[in-house]
Amino acid sequence: VPLFVLSNAGVPLDPGAWPVWAVLLLGSLVVLGRRRPRVSLAVAPVALLCLVELVLLGRPMFQFGFDWIANANGDAGLYVLSATELMHHGLQSAIDFHGLATNRDYASQAQALNLRGLRPGTQIGLAGVATITGRSPAEVYMPMSIAIAMCGVSAAGALAMQASRRSWSAWVASALLVASPLAAYGVMQQLLPQDWGLGLAVGLFAWLMRPELYRKPGPRYLDL
């Protein structure tokens, strides 16, 4: 959301993403320091399943490195072009017709959809990750997809454990998602926005099912 606000205000995400990541990291450390959460042993099997997910889905990276582009979905190409543009221009910047006419600035053509209201979350997030890693959006697309898939595995385990209050349910739910052919196909088909949305939704549901949020006097600011 902060990256969107900056980009929508016309700030290029390179270097505009750096202060956002710094503030988010500092805020996370402050919350962890204040809350000092105790990590349950139930986390260990889920973390192991995340590593299994990494090997199952990301094994081509061991051969091709950052050059791996999976199934090369056309949507992924659009997100990469748009992220490249947003690293250097704002979300509402105009299309560089002169550059296109002279066979340069091809990334500018992605602005046609951004200016028409296309959901910009994926390309903004991709541009932010590319900025802090020093890699191009094309190079970080699949590593980012794998990372989000691993977050989805963790979120599924958290949701199952919140619903059942049994640690083994987290392992089962996470294992089922890791073994799901449809979930794996979504990553290989480069459906990054969909995977991101599903993982975020499951994570939010897991948070909302915490009973302490609904006890008097209600959630504290650290819970928010």
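As the structure is a computational prediction, the values presented were derived from the model and not from experiment.

## A closer look at the overall build of the chain
Looking only at helices and strands, the chain features 11 helices and zero strands. The order of helices and strands in the chain, counted from the N terminus, is α-α-α-α-α-α-α-α-α-α-α. Expressed along its principal axes, the backbone C-alpha trace of the chain runs to roughly 60 × 40 × 30 Å. With 224 residues in all, the chain has 34% of them scored as buried. Relative to all contacts within the chain whose residues are 6 or more apart in sequence, the contacts with residues 24 or more apart total 71%. Side chains of the chain give 15 positive and 11 negative charges; the mean places of these two sets differ by 20 Å.

## Some thoughts on helix α4 (residues 74-86)
For the α-helix, the turn length of 3.6 residues means that residues three or four positions removed from each other point alike. Counted at 1.5 Å a residue, the expected span for α4 with its 13 residues is 18 Å, and the 19 Å between its end C-alpha atoms agrees. Contact partners of the buried residues in α4: α1 (2-8), α2 (13-35), α6 (111-114), α7 (121-133), α8 (137-164) and α11 (192-208). Two to three positions downstream of the cap, the backbone nitrogen of D75 sits 2.8 Å from a side-chain oxygen, assigning the N-cap of α4 to N73.

## Digging into the pattern of salt bridges
Evaluation of the coordinates by the stated rule reveals two salt bridges. Note that E139 is salt-bridged to R135, the shortest N-O span being 3.6 Å.

## So, the packing of helix α3 (residues 43-64) against helix α9 (residues 167-179)
Remark: α3 packs on α9, axes separated minimally by 9 Å, with the N-to-C direction vectors making an angle of 5°. Relative to α9, α3 is oriented roughly parallel. From α3, P45, V46, L49, V52, E53 and L56 reach across to α9, where they touch A170, W171, S174, A175 and V178. For the contact of α3 with α9, the class distribution of residues is nine nonpolar, one polar and one charged.

## Thoughts on the side chain of Q189
In this structure, Q189 sits in the loop between α10 (181-188) and α11. Here N71 takes part through its side chain, which lies 2.9 Å from a polar atom of the side chain of Q189. Once you skip the residues sitting within four places of it in the chain, Q189 turns out to touch N71 and N73.

## Topic: the packing of α4 against α8
Where α4 contacts α8, the axes come no closer than 9 Å and their chain directions differ by 125°. Between α4 and α8, the angle is such that the two are oblique. With respect to the hand of their crossing, α4 and α8 are arranged in right-handed fashion. Judged by residue contacts, A76, Y79, V80, A83 and T84 of α4 engage P137, A138 and Y141 from α8. Partitioning the contact of α4 with α8 into residue classes produces seven nonpolar, one polar and no charged.

## Observations concerning the nonpolar core
Counting residues in hydrophobic clusters, the biggest one holds 26 residues, and the most contacted among them are L3, L13, L86, L126, A127, Y141 and V187. At the level of elements, α2, α4, α7 and α8 are the ones that each hand at least two residues to this core. When residues in this core are grouped by element, the largest group, seven residues, is from α8. Those residues within four positions of V187 in sequence are excluded, and the remaining contacts are L57, M142, S145, I146, A149 and D195.

## With respect to α11
With 17 residues, α11 extends 24 Å between its outermost C-alpha atoms, agreeing within 8% with the 24 Å of an ideal straight helix rising 1.5 Å per residue. If you check which residues of α11 are buried, you get L192, P193, D195, G199 and A206. For α11, the buried positions fall inside an angular range of 165° around the axis, keeping them on one side. Of the residues in α11, the exposed ones pointing more than 90 degrees away from the buried face are L198 and F205.

So, how was this worked out
Residues numbered from 1 in each chain as written. Predicted model: local features only at pLDDT ≥ 70, side-chain atom pairs only at ≥ 80, totals over all residues. Heavy atoms only, no water. Helix = DSSP H or I, 4+ residues; strand = E, 2+ residues; numbered from the N terminus. Buried < 20%, exposed > 50% of the residue type's maximum accessible area, 1.4 Å probe, protein only. Contact = heavy atoms within 4.5 Å. Lys, Arg positive; Asp, Glu negative; His and termini not counted. Charge placed at Lys NZ, Arg CZ, Asp CG, Glu CD. Expected span 1.5 Å × (residues − 1). Polar contact = N/O pair within 3.5 Å; in protein donor to acceptor, adjacent residues only side chain to side chain. Salt bridge = Lys/Arg side-chain N within 4 Å of Asp/Glu carboxyl O. Axes fitted to C-alpha atoms, helices over the stretch in contact; angles between N-to-C directions. Parallel < 35°, antiparallel > 145°, perpendicular 65-115°, else oblique. Nonpolar A, V, L, I, M, F, W, Y, C, P; charged D, E, K, R; others polar. Left-handed = near helix turned anticlockwise from the far one by under 90°. Core = buried A, V, L, I, M, F, W, Y, C linked by side-chain atoms within 4.5 Å. Arc of directions from axis to C-beta.

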